[in-house]
Amino acid sequence: MSINKNIFQSKKENKNILNKIFENSLEISHSTFINFALYDRGFGFYSNKKRMLLADFITSPLTHKSFGIMIAKQIIQIWDYYKNPKYFSIIELGGSSGKLKEAIISYMKKHNKKIYRSLVYLNIDEANNDSLLDVNFNSKYGCIISNEFFDALPFDRFQKKNKALKEIFIKKDSENNLVEVLKDSEKINIFDNNFISKIPENSRIELTNNLKEICNKISSFLDHCIMLTIDYGFEDLEKLLINNPNGHIRCFSGHNMDKDILSNIGNKDITCDVNFYFLNYFLEDTGFKKLGFCLQEKFLQNMGIANYFNSIKDPIEKQQIVSLMNPNGLGGFKVYFHQFSSEGFWPQGLNQ
Ligand SMILES: C[S@@+](CC[C@H](N)C(=O)[O-])C[C@H]1O[C@@H](n2cnc3c(N)ncnc32)[C@H](O)[C@@H]1O
């Protein structure tokens, strides 16, 4: 995602922000820092209504409704697999203002009244004051969907130095300069020796904070479900553990991309390639089974986007649909499927 306007804060604003972030400790983890920078109710990137109004996001649900329509078709196949239960829940993680929900529900209302009448739709988004870990919900059948949710979660950062992996903390000095400090930390226990030995010297890697708790929470919502996760990132260690002194992060401010998390706090979107290796690991640990993944381009083709494209006359809309398929952009995102509880479902979206 990116944004089309730059906003910079004054020195005084910056000082106030730093005072708030470092109120309880002069040394904090990256995930604590990023949590403030993105989600603080006062200055956080996602909480600032003025900034959101200026925003020019380019996520798939905002690009064209056909993205949501193809997901709706996929969900109908899941509902059929569960034999059309009377109540069927769609839990969307980080659905923001509800664009994807709107496209899914209006497609179902028009094309499948029966599923429409059975729907319970939950859009859990921090920006609407619903933090995933605080939500308690349980139902029997449904699906869990997300688009660009996991890449927006606060993450910790680690660096390999002298063959050992250290966590990178952020420290504020008396002149309000921020510096990085490498230290031992308990979080490193999640990485086994084999994994650490494959990380090139000086390279950095990132890992979502609380990923185990997040996966546990997700697994508590539905007794039987399919999880559909769309995001960018890698599970292949060859791609994750490349020589990468700057890590897999990106900050967006205006049309500019940089890798400096510590500047212009609150005015930048901070995001990171999803580490699907660990996401799969923690999901499987809570009982999910990975069914597979493909690129968004392929998923949309499998769900029939070509027919939809041919039915559209407006050239601007056609262009928007093409950009959902662009393998160098949104079309290159990964679409993952996991199944919880029952077995034997094969999603149409993953067909060869
Ligand atoms: C990159 S945006 C994606 C928005 C939307 N899914 C889309 O594709 O346009 C990530 C969203 O995740 C939400 N989010 C981040 N952490 C969250 C949490 N712990 N619980 C719920 N929502 C969260 C943010 O508020 C934000 O709206």
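Structure report, in brief.

Structural notes on the packing of helix α9 (residues 211–219) against helix α11 (residues 276–285)
Next, step 1: Two elements in contact, α9 and α11, have axes whose closest approach is 9 Å; the angle formed by their N-to-C orientations is 50 degrees. Of the possible angle classes, the one that applies to α9 and α11 is oblique. Between α9 and α11 lies a crossing whose hand is right-handed. Residue-level contacts link L211, K212 and C215 of α9 to F278, L279, F282, L283 and D285 of α11.
Next, step 2: Considered class by class, the residues forming the contact of α9 with α11 number 6 nonpolar, no polar and 2 charged.

Things to note about the sheet that holds strand β9 (residues 222–231)
Next, step 1: One open sheet holds the 6 strands; their spatial order is β3-β2-β4-β9-β16-β15, and the pairing between them is mixed. Whereas interior strands pair on both sides, the edge strands pair on one side only; in this sheet they are β3 (119–124) and β15 (288–295). Put simply, the sheet's adjacent strands are angled 15 degrees from each other on average, direction ignored.
Next, step 2: As judged from the 7 bridges shared by β15 and strand β16 (residues 334–340), these two strands associate in the antiparallel manner. Opposite G292, over in β16, you have F337 as the bridge partner.

Here we look at the sheet that holds strand β12 (residues 256–258)
Next, step 1: The antiparallel open sheet is built from 3 strands, whose spatial order is β12-β11-β13. This sheet does not close on itself; its edge strands, each paired only once, are β12 and β13 (269–272). Sheet twist, expressed as the mean angle between neighbouring strand axes with direction ignored, is 25 degrees.
Next, step 2: For strand β11 (residues 249–253) and β13, the ladder comprises 4 bridges, and the chain directions are antiparallel. Each bridged residue has a counterpart across the sheet, and for I249 the counterpart in β13 is C272.

Points about the nonpolar core
Next, step 1: By size, the foremost hydrophobic cluster in this structure holds 42 residues, and its most contacted members are I71, I75, F88, I90, I104, M108 and I145.
Next, step 2: By residue number, the principal contributor to this core is helix α5 (residues 66–81), which donates 9 residues.
Next, step 3: Excluding anything up to four places from it in sequence, I71 contacts L100, I104, L228, I230 and F299.

Details of the site of the ligand
Next, step 1: Taken together, 19 residues lie near the ligand, and Y39, T59, G94, D125 and N147 sit nearest.
Next, step 2: At a separation of 3.0 Å, a nitrogen atom of the ligand approaches a polar backbone atom of L132.
Next, step 3: One of the side-chain N or O atoms of N147 is found 2.8 Å from an oxygen atom in the ligand.
Next, step 4: Its free accessible area being 600 Å², the ligand has 94% of it covered by the protein chains.
Next, step 5: Comparing atom positions with the cavity grids shows the ligand to sit within the largest pocket.
Next, step 6: Here the shell around the ligand is built from residues that sort into 10 nonpolar, 5 polar and 4 charged.

Brief notes about the pairing of β9
Next, step 1: The buried fraction of β9 is high, at 8 of 10 residues.
Next, step 2: As paired elements, strand β4 (residues 139–147) and β9 share 8 bridges and run parallel to each other. Along β9, the bridge assignment pairs I144 with M227.
Next, step 3: Bridging between β9 and β16 involves 7 bridges; their strand directions are antiparallel. When the sheet's bridge partners are listed, D231 is paired in β16 with K334.

Brief notes about the pattern of salt bridges
Next, step 1: According to the stated counting rule, one finds 12 salt bridges in the structure shown.
Next, step 2: Put simply, R157 and E206 hold a salt bridge, and the shortest N to O gap is 3.0 Å. Taken together, the residues R157 in strand β5 (residues 155–161) and E206 in strand β8 (residues 204–208) connect sequence positions 49 residues apart. The two residues R157 and E206 agree in class, both being buried.
Next, step 3: In the salt-bridge network here, residues are joined through shared partners; they are D156, E167 and K187.

Thresholds, definitions, all that
Residues numbered from 1 in each chain as written. Predicted model: local features only at pLDDT ≥ 70, side-chain atom pairs only at ≥ 80, totals over all residues. Heavy atoms only, no water. Axes fitted to C-alpha atoms, helices over the stretch in contact; angles between N-to-C directions. Helix = DSSP H or I, 4+ residues; strand = E, 2+ residues; numbered from the N terminus. Parallel < 35°, antiparallel > 145°, perpendicular 65-115°, else oblique. Left-handed = near helix turned anticlockwise from the far one by under 90°. Contact = heavy atoms within 4.5 Å. Nonpolar A, V, L, I, M, F, W, Y, C, P; charged D, E, K, R; others polar. Pairing = 2+ DSSP bridges. Core = buried A, V, L, I, M, F, W, Y, C linked by side-chain atoms within 4.5 Å. Buried < 20%, exposed > 50% of the residue type's maximum accessible area, 1.4 Å probe, protein only. Near = heavy atom within 4 Å. Polar contact = N/O pair within 3.5 Å; in protein donor to acceptor, adjacent residues only side chain to side chain. Areas by Shrake-Rupley, 256 points an atom, 1.4 Å probe, with all protein chains shown as cover. 1 Å grid on protein atoms, 1.4 Å probe; cavity = no way out; pocket = protein on both sides within 12 Å on 5 of 7 lines; lining within 4 Å. Sits in = over half its atoms within 2 Å of the grid points. Salt bridge = Lys/Arg side-chain N within 4 Å of Asp/Glu carboxyl O.

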